[in-house]
Amino acid sequence: MDTTAHTPQGKLIIFSAPSGSGKTTLVHHLLTQKELGLAFSISATSRPARGEEVNGKDYYFLSEEAFKQRVFNGDFLEWEEVYSGTLYGTLRSEVERIWAEGKTVIFDMDVVGGLNLKSLYGDKALAVFVKPPSMEVLEERLRGRATDSDDKIRQRLAKARKELGRADRFDHILLNKDLDTAKQEATQLVKLFLGK
Ligand code: 5GP
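Counting starts from 1 at the beginning of each chain's written sequence and moves along it residue by residue. Per-residue local features are limited, in this predicted model, to residues with pLDDT of at least 70; the limit for side-chain atom pairs, both in listing and counting, is 80 or more; totals at the level of whole chains, interfaces and linings are taken over all residues. Heavy atoms throughout the structure, all of them, feed into the side-chain values; hydrogens and water do not.

Here we take up the site of the ligand. The ligand sits among 18 residues. The nearest are Ser-43, Arg-47, Tyr-59, Glu-78 and Tyr-88. Contacts described as polar in this section are N or O atom pairs within 3.5 Å, which, within protein, must combine one atom able to donate a hydrogen with one able to accept it, while residues neighboring in sequence count only if both atoms come from side chains. Here a nitrogen atom of the ligand sits 2.7 Å away from a polar atom, N or O, in the side chain of Glu-78. Note that accessible areas follow from Shrake-Rupley with a 1.4 Å probe, and for residues the cover is restricted to the protein chains shown. Summarising the interface, the protein chains cover 96% of the accessible area of the ligand, which totals 510 Å² for the free molecule. The secondary structure listing takes helices from DSSP runs of H or I that are at least 4 residues long and strands from runs of E that are at least 2 residues long, numbered from the N terminus. Breaking the shell around the ligand down by element, the ones donating at least two residues are β5 (76-83), β6 (86-91) and β7 (104-109). When residues in the shell around the ligand are grouped by element, the largest group, 4 residues, is from β5. Throughout, the term near means that a residue has one or more heavy atoms lying within 4 Å of the molecule or strand in question.

What follows concerns the environment of Val-112. Locating Val-112 in the fold gives a position in helix α4 (residues 111-121). Sequence separation between Val-112 and Gly-22 is 90 residues, and the spatial gap between their C-alpha atoms is 17 Å. Throughout, a contact is declared for two residues whenever any of their heavy atoms are within 4.5 Å. Residue contacts for Val-112: discarding those within four places in its chain leaves Glu-80 and Arg-166.

The next point concerns the packing of helix α1 (residues 23-31) against helix α7 (residues 179-194). Fitting a line to C-alpha atoms yields each axis, with helices limited to the stretch in contact; the angle taken between N-to-C directions then spans 0 to 180 degrees. One can describe the packing of α1 onto α7 by two numbers: an axis separation of 10 Å at closest approach and a directional angle of 55°. In this view, α1 runs oblique relative to α7, as classed from their interaxial angle. Viewed along their axes, α1 and α7 form a crossing whose handedness is right-handed. Residues Thr-25, Leu-26, His-29 and Leu-30 of α1 lie in contact with α7, whose contacting residues are Leu-179, Ala-182, Lys-183, Ala-186, Thr-187 and Val-190. By the convention adopted, Pro, Cys, Tyr, Trp, Phe, Met, Ile, Leu, Val and Ala count as nonpolar, Lys, Arg, Asp and Glu as charged, and the other residues, Gly among them, as polar. Residues belonging to the contact of α1 with α7 are distributed by class as follows: 6 nonpolar, 3 polar and 1 charged. Oblique is the label for any angle not under 35 degrees, not over 145, and not in the 65 to 115 range, which are roughly parallel, roughly antiparallel and roughly perpendicular in turn. In this scheme, a crossing is called left-handed if the near helix is turned counterclockwise away from the far one by less than a right angle; it is called right-handed if the turn is clockwise.

Oppositely charged side chains may form a pair once their charged atoms are brought near each other. We define a salt bridge as a side-chain nitrogen of Lys or Arg found within 4 Å of a carboxyl oxygen belonging to Asp or Glu. The tally for this structure, following the rule as stated, stands at 11 salt bridges. Among the salt bridges present, the one from Asp-108 reaches Lys-23, with a minimum N-O distance of 3.5 Å. Placement of Asp-108 in strand β7 and of Lys-23 in helix α1 is noted, with a sequence separation of 85 residues between them. Any residue under 20% of the maximum accessible area for its type is buried, any over 50% is exposed, and the rest in between are partly exposed; the area is computed with a 1.4 Å probe on protein chains only. The exposure class of Asp-108 is buried, given its relative accessible area of 18%. Under the relative-accessibility criterion, Lys-23 is labelled buried at 11%. Salt-bridge contacts for Lys-118 lead to Asp-171; the nearest nitrogen and oxygen are separated by 3.0 Å. Linking Lys-118 in helix α4 with Asp-171 in the loop between α6 (150-164) and β9 (172-175), this pair joins segments that are 53 residues apart in sequence. Judged by relative accessible area, Lys-118 falls into the buried class, the value being 17%.

It is worth spelling out helix α5 (residues 135-145) at this point. Inspection of α5 places Met-135, Leu-138 and Leu-142 among the buried residues, and these make up the whole buried set. Here the buried residues of α5 occupy an arc of 60° about the axis, which is enough to place them on one side. The exposed set on the far side of α5, more than 90 degrees from its buried face, consists of Glu-136, Glu-140 and Gly-144. Buried-residue contacts for α5 involve α6. In the stretch just after α5, Ala-146 is the one whose phi turns positive, near 55°. Here the arc refers to the set of directions running from the helix axis out to each C-beta atom.

Let's shift gears to the sheet that holds strand β8 (residues 125-131). Criterion used throughout: strands pair if DSSP finds at least two bridges between them. What the 5 strands build is an open sheet, ordered β2-β7-β1-β8-β9; its pairing is parallel. Whereas interior strands pair on both sides, the edge strands pair on one side only; in this sheet they are β2 (38-40) and β9. Within this sheet the neighbouring strands show an average axis-to-axis angle of 25°, counted without direction. Relative to β8, strand β1 (residues 12-16) is paired through 5 bridges, and the arrangement is parallel.

Another point: the sheet that holds β5. Spatially, 4 strands are ordered β4-β3-β6-β5 in an open sheet, and the strand pairing comes out mixed. With one partner strand each, in any of the chains shown, β4 (59-61) and β5 form the two edges of the open sheet. The sheet shows a mean angle of 25° between the axes of neighbouring strands, direction not considered. Both strand β3 (residues 43-45) and β4 contribute to a ladder of 3 bridges, which runs parallel. Looking across to β4, one finds that Ser-43 is bridged to Tyr-59. Contacts between helix α2 (residues 64-72) and the sheet are confined to β3, β5 and β6, with β6 contributing the most and set at about 40° to the helix. Packing of helix α3 (residues 92-100) onto the sheet brings it into contact with β4, β5 and β6, and relative to β6 it is tilted by some 30°.

Here's what the structure looks like:
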């Protein structure tokens, strides 16, 4: 029996961007503003934890086998092989849990996943594309992170080029040139969407 069928649907806020565009920083900034009533949808991934990441906070870190079992069980709203051999997905249970608390779900998600969720939820979802000022700045940011190998950085840059081409399918494009300005704009967008 599907016990989640009666949870009333709430709203969703999707922040998508090429990796290194600053979307995670913007999402964290929004989450610090308690009056917005947002809660982060913790994704599942088959990649290992990086740096300070914590299981059950940043991601649910699953083995590839466990991830695939959950795909088979139908536990994901969407999932994707974002990078070759690395799976990421949104658990249905995360969204249901957050809506049951009366909160709005916020996602930090790659571009294809973000557009998939937007097409599932339509007007209930605000889809924001975070745009880096240039490919050069993006590369600098990725290298500055120093957590990924050269090969991983190359993969991320190749993906970013494709993703930039999909920006205009989002409800809004937010240019992240100056972080403070981008933070303010993100807050305004969310307030407007939620009528706050
Ligand atoms: P990272 O490995 O840098 O944390 O994430 C890689 C990419 O996967 C990022 O663009 C991130 O937003 C995306 N991602 C994280 N969670 C999900 C998810 O649940 N679904 C999809 N489709 N992409 C995700």
